[in-house]
Amino acid sequence: MRRARCAVIAIVAPLILACGRRADLVITGGMVWTGLSTGRAQPGAVAVANGRILAVGDSAEIARFVGPRTAILRAAGGLVMPGFADGHTHFIDGGFQLAAVNLRDAATPAEFIRRLKEHAGGLKPGEWITGGDWDHELWRGTPPPLPRRDWIDSVTPHNPVFVNRLDGHMALANTAAIRAAGVTAGTVTPSGGEIVRDPATGEPLGIFKDQAMALIGRAAPEPSPEQRDSALARALAHAASLGVTATAHMSASWADLAAYQRLKQAGRLTLRVAVYLPLDQWRAVAESVARTGQGDDWVRIGGVKGYVDGSAGSRTALFFEPFSDSAGYAGLMQHSDAELRAWIGGADSAGLQVAVHAIGDRANALLLAIFDSVARAHGARDRRFRVEHAQHLRTREIPRFGARRVVPSMQPYHAIDDGRWLAKRIGPVRIRTTYAFRWLIASDAPLAFGSDWSVAPLDPLLGVYAAVTRRTLDGRHPGGWVPDQKISVGEVLRAYTYGNAWATFMEQKWGALVAGRYADVVVLDRDLFAVPPESLGGVKVRYTIVGGNVVYKNP
Ligand SMILES: [Zn+2]
């Protein structure tokens with residue numbers, strides 16, 4: 001029996017030669033979820049050697065791999081599963097955010113102003129204040145007021161301020177920042193953007209949306225490489241503490257890519273990253289890949305990332321019908337259809353993977369049509385187009401994801417956040433196919449989950465809670481907001497593990513606990529399949545392991 005099993009392991013993973021090998025690490029006493037199905041976890045153990053999974057089995061089988069130098073981790077009944085992969089982050093921005101002013105939960109304009117004043121007090125004159133992630137939807141008023149520069153000028157006289165809304169689709173500049181950028185009443189509004197102005201004088205009031213944000217953003221100094229490296233290091237420590245072992249970094253800059261490479265060289269990376277550079281730079285990305293390759297299993301150029309529209313929160317998502325609370329206005333396109341076609345076609349012909357942001361139903365339909373026409377023109381290939389967010393879909397678009405193997409790369413936390421106010425913005429009919437997790441899975445879409453950090457919290461367990469319960473953050477939907485679209489724990493975990501591996505062409509390397517794959521493993525303090533749904537968000541990470549190394553432990 002023992003010999004037969006060894007033979008089986010040798011056939012499954014001939015390079016590993018599991019028989020007779022000693023493990024570097026064994027994780028015992030847990031409930032093991034391998035990630036190969038959406039079924040429940042089973043009692044078991046995992047053996048790791050040379051940074052890879054050596055074997056998964058029951059405790060007795062795995063005990064054979066224990067030698068004198070094997071480290072033993074005790075899971076104590078908790079869940080042992082593949083590390084969480086986050087399919088959509090702005091990872092290094094997240095690291096900057098960890099040290100930036102926090103406006104996310106400023107519940108009133110007065111609190112918003114107080115926090116900026118306090119933060120400015122600790123800075124040198126001339127230093128910029130960025131980040132922030134404010135949310136005016138928390139404030140009283142119908143509609144809630146957008147912040148204005150005259151609210152904050154007196155508390156930030158010596159520091160340019162350019163703080164963004166949490167969705168990243170609009171930002172508030174103070175007068176110092178507007179001056180530094182040379183923006184005046186006479187500045188022309190860039191297409192695909194908006195400058196909120198005084199109706200009488202045309203003077204900017206402080207809010208810049210989408211493509212207009214660059215008018216101010218480009219005046220802010222670029223962080224130095226050292227600052228970027230420390231932001232990345234902060235982000236890595238945060239990710240490790242949350243069990244995140246891989247991510248796709250969307251809309252990354254070349255400077256971000258260089259930071260990953262520096263930390264990899266220094267042996268400081270504790271997560272695998274696929275970097276998606278801007279779509280309109282596809283030629284430079286293709287040249288870089290042709291010159292030096294895509295990278296390795298730690299840092300890879302995943303492809304390119306573009307935008308169709310904006311966000312529902314900023315009313316810049318593109319819909320077929322107008323917003324329900326904004327007469328006649330149906331959102332905007334950040335780029336023309338022709339531009340998008342040319343860029344996506346160019347990137348695809350260069351063999352790059354293409355990921356594009358689409359939120360509104362019309363943005364999604366338009367993007368799927370472009371993907372179809374590019375695929376038809378260039379012929380069959382394993383291209384794995386990605387739609388980032390895929391938030392509002394008409395019923396007829398849903399089956400197209402499964403049929404064409406297009407990845408809906410979605411963020412469940414957004415559902416319980418946006419669910420607080422989306423019904424008033426888009427009405428009762430369109431919300432039925434908003435964050436349509438259940439229907440996408442039913443139509444066999446290759447679903448991948450993530451957070452959109454720093455737009456939303458990085459914690460994947462909050463995402464698990466959100467997708468399973470769909471309970472909005474305001475507590476007003478205890479049975480779930482649009483409950484038809486709830487999915488099971490196993491389905492959510494698949495989207496957070498294998499789903500992201502597939503979406504980045506890494507499914508043979510990680511995303512499941514299978515002999516030969518990288519030992520990227522997380523151990524939780526409880527079995528997610530056994531805790532009540534409302535408690536899912538409170539489950540804690542006990543160990544995070546990447547490439548066989550324990551990179552986080554919570555004793
Ligand atoms: Zn994003």
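What comes next concerns the included structure. Along each chain, numbering runs from 1 in the same order as the chain's sequence is written. Reporting in this predicted model follows two pLDDT cut-offs: at least 70 for local features of residues, and 80 or more for side-chain atom pairs to be given and counted; totals over whole chains, interfaces and linings ignore these cut-offs and use all residues. Only hydrogens and water are set aside; all other atoms, that is, all heavy atoms of the structure, feed into the side-chain values.

**Concerning the sheet that holds strand β10 (residues 170-173)**
Strands are treated as partners if at least two bridges between them are detected by DSSP. Strands are runs of DSSP state E lasting at least 2 residues, helices are runs of H or I lasting at least 4, and numbering of each runs from the N terminus. Strand order across the open sheet formed by 6 strands is β7-β8-β9-β10-β12-β11, with mixed pairing between neighbours. In this open sheet, the two strands that pair with only one neighbour each are β7 (101-102) and β11 (193-197).

**Details of the coordination of the zinc ion**
Protein coordination at the zinc ion comes from H88 (NE2), H90 (NE2) and D452 (OD), with a distance range of 2.1 to 2.2 Å. Donors, by definition, are the N, O and S atoms found within 2.8 Å of a metal, the threshold being 3.2 Å for Na, K and Ca, and water is not counted, so a site can look incomplete. Along the chain, the residues donating to the zinc ion fall in the pattern H-x1-H-x361-D. With respect to class, H88 is no different from H90; both count as buried. Per-residue accessibility, obtained with a 1.4 Å probe over protein chains only, is compared with the maximum for each type, and a residue is labelled buried under 20%, exposed over 50%, and partly exposed between these values.

**Some details on the packing of aromatic side chains**
Stacked, edge-to-face and tilted labels apply to pairs of Phe, Tyr and Trp rings (six-membered ring for Trp) whose centres lie within 6.5 Å, assigned for plane angles under 30 degrees, over 60, and everything in between, in that order. Taken as a whole, this structure holds 13 aromatic pairs when the rule is applied. For the pair W139 and W151, a centre-to-centre distance of 5.8 Å together with 40° between the ring planes defines the contact as tilted. Of this pair, W139 sits in the loop between β8 (129-134) and α5 (149-152) while W151 sits in helix α5, and the two are 12 residues apart along the sequence. The class of W139 is buried, set by a relative accessible area of 3%. Summarising the aromatic geometry, the rings of F437 and F449 are spaced 5.0 Å apart at their centres and angled 70° between planes, so their arrangement reads as edge-to-face. Here F437 is found in helix α16 (residues 437-442), whereas its partner F449 is found in strand β19 (residues 448-449), with 12 residues between them in sequence. Judged by relative accessible area, F437 falls into the buried class, the value being 0%. Exposure remark for F449: the relative accessible area of 0% places this residue in the buried category. In textbook terms, an aromatic cluster arises when at least three aromatic residues are bridged by ring pairs, as seen for F84, Y435, F437, F449 and Y496. Charges are assigned to positions over rings by a cutoff of 6 Å between ring centre and Lys NZ or Arg CZ, combined with an angular limit of 35 degrees from the ring normal. The ring centre of F65 lies 5.2 Å from the NZ or CZ of R64, which sits over that ring. For R430, the ring lying beneath its charged end belongs to F319, and the centroid distance is 5.0 Å.

Honestly, it's all geometry; don't read function into it.
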